[in-house]
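# Understanding the architecture of this molecule
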Amino acid sequence: MAGRRPTLKDVAARAGVSRATASLVIREERGPSAASRERVRAAAAELGYVPDPTAQVLRRRRSRLLGVVFTARDAFHADLLDGLYPAAEERGYTVVLGAVSPVRRQERAVQALLASRCEALVLLAGRYGPAEMEGLAARLPVVDVGRVGAGPAQVDAVESADDEGVAAAVDHLVGLGHRAIVHVDGGEQPGAEERRQGYRDGMLRHGLAVRILRGDNTEVSGAAAVAELLPDLPTAILANNDQCAVGVLDALRRQGIDVPGRVSVVGYDDSQLSRLAHVDLTTVAQDAAEIARLAVGCVLERVEGEEAPAPRRIRLRPHLVVRGTTGVPGV
């Protein structure tokens, strides 16, 4: 370091923390622990580090806002938001939400966040194609969360191995003795194709007939599937997500059909909805907190100018959570 001015990177290395953490300490912003603050300050003093006043002026012009595009009616997105807020705040960023709904398209949500001077975007199950994603990523750092099988990575992506999760649900039902298992899919929703494939693979592996009904991840589509299946119900229904599964449960119970005595039901996501006592849904769990932590870490590495590789695709393995809506087939 002789002959040159010590940098923030030097301070971080001496203190044994990330550059982002050292930056927060130097700026006296919240986030780092007391121990980290002490190490950074000591390292700065030892090295004779003095913040560059020009860089400080530029940093003060930053927004430190992290935009999140989410689907307003998606229960699992609510769980992801619960993880995104603390992960962002720990690094000194504030989350700004852009909701997508039947009356508000993704493009409008993204434009509003860009107008708010967000420094990066987290897309929860985004719907951009490769060209659109590349154009967006040219403007600011982006991480795509939950959209599996989206082709060559244009941006960092964090996702669950949904095909494996659904296949595990099929194995669970087959292990209980089910042979007639119907899948209510997610239509064109992000991730639905991989979940369909997991269902097909699981059924064919066990030599069972594949039957897929069209859905859209809503309670209404779950109820509609039951209406289509009546009166010749299968012994098990595997829904694309928990909301659809709740629609299936409600429709079955309104018909006086016992769950799981007559029909077993499985959802996907392990959202808070699935854990309600009167729902008690067997489902496939994704680790929302870990997905959120990894997503924030990926995108803020790029914002903070830390060394980052080419776009990464991080894939986590989900696991089955058995509750009260599955059992052995009724007679």
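One can find the structure itself at the top, above this paragraph.
Quick summary incoming for the structure in this document. These figures come from a predicted structure and were not determined experimentally. Counting restarts for each chain: residues are numbered from 1 in the order of the written sequence. Local features are withheld for residues below a pLDDT of 70 in this predicted model, meaning they are given only at 70 or higher, and side-chain atom pairs are given and counted only at 80 or more; totals for whole chains, interfaces and linings count all residues. Where side-chain values are given, they derive from all heavy atoms of the structure, hydrogens and water being excluded.

### Focus on the nonpolar core
Short version of the rule: Here, nonpolar core refers to any group of buried Ala, Val, Leu, Ile, Met, Phe, Trp, Tyr and Cys residues whose side-chain atoms link them within 4.5 Å. Only protein chains enter the accessibility calculation, which uses a 1.4 Å probe; a residue whose area is less than 20% of its type maximum is buried, one above 50% is exposed, and one in between is partly exposed. Helix and strand labels come from DSSP, where a helix needs a run of H or I of at least four residues and a strand needs a run of E of at least two; each type is numbered from the N terminus. Here a residue-residue contact requires only that any non-hydrogen atoms of the pair lie within 4.5 Å.
Leu66, Leu84, Val122 and Leu124 are the most contacted members of the largest nonpolar core, which has 27 residues in total. Those elements giving two or more residues to this core turn out to be strand S1 (65-71), helix H5 (75-90), strand S3 (120-124), strand S4 (142-145) and helix H12 (288-303). Of all the elements, H12 adds the most residues to this core, at ten residues. If we ignore the near neighbours within four places in the chain, the residues touching Leu66 are Ala88, Tyr93, Thr94, Val95, Val96, Cys118, Ala120, Leu121, Val122, Val296, Val299 and Leu300. Listed in part, the 22 residues of the second largest apolar core include Ala225, Leu249, Leu252 and Val263.

### Quick look at the side chain of Glu159
By the element assignment, Glu159 lies in strand S5 (residues 156-160). We classify Glu159 as buried; its relative accessible area is 2%.

### With respect to the pattern of salt bridges
Working definition: two side chains of opposite charge can pair if their charged atoms are close together. Let me state the cut-off plainly: By definition, a salt bridge exists where a carboxyl oxygen of Asp or Glu is found within 4 Å of a side-chain nitrogen of Lys or Arg.
Counted under the stated rule, the structure contains 23 salt bridges. As a salt-bridge pair, Arg275 and Asp79 come within 3.8 Å of each other at their nearest N and O atoms. In this pair, Arg275 is assigned in the loop between strand S9 (264-266) and strand S10 (283-285) and Asp79 in helix H5, connecting sequence segments 196 residues apart. Ionic pairing is found between Arg323 and Asp270, a salt bridge with its closest N-O pair at 2.8 Å. Highlighted residues: Arg323 in the segment after strand S12 (319-321) and Asp270 in the loop between S9 and S10, separated in sequence by 53 residues. A cluster of three or more residues bridged by salt bridges with shared partners is formed by Glu159, Asp163, Glu194, Arg313 and Arg315.

Any functional reading would require information that these geometric values do not contain.
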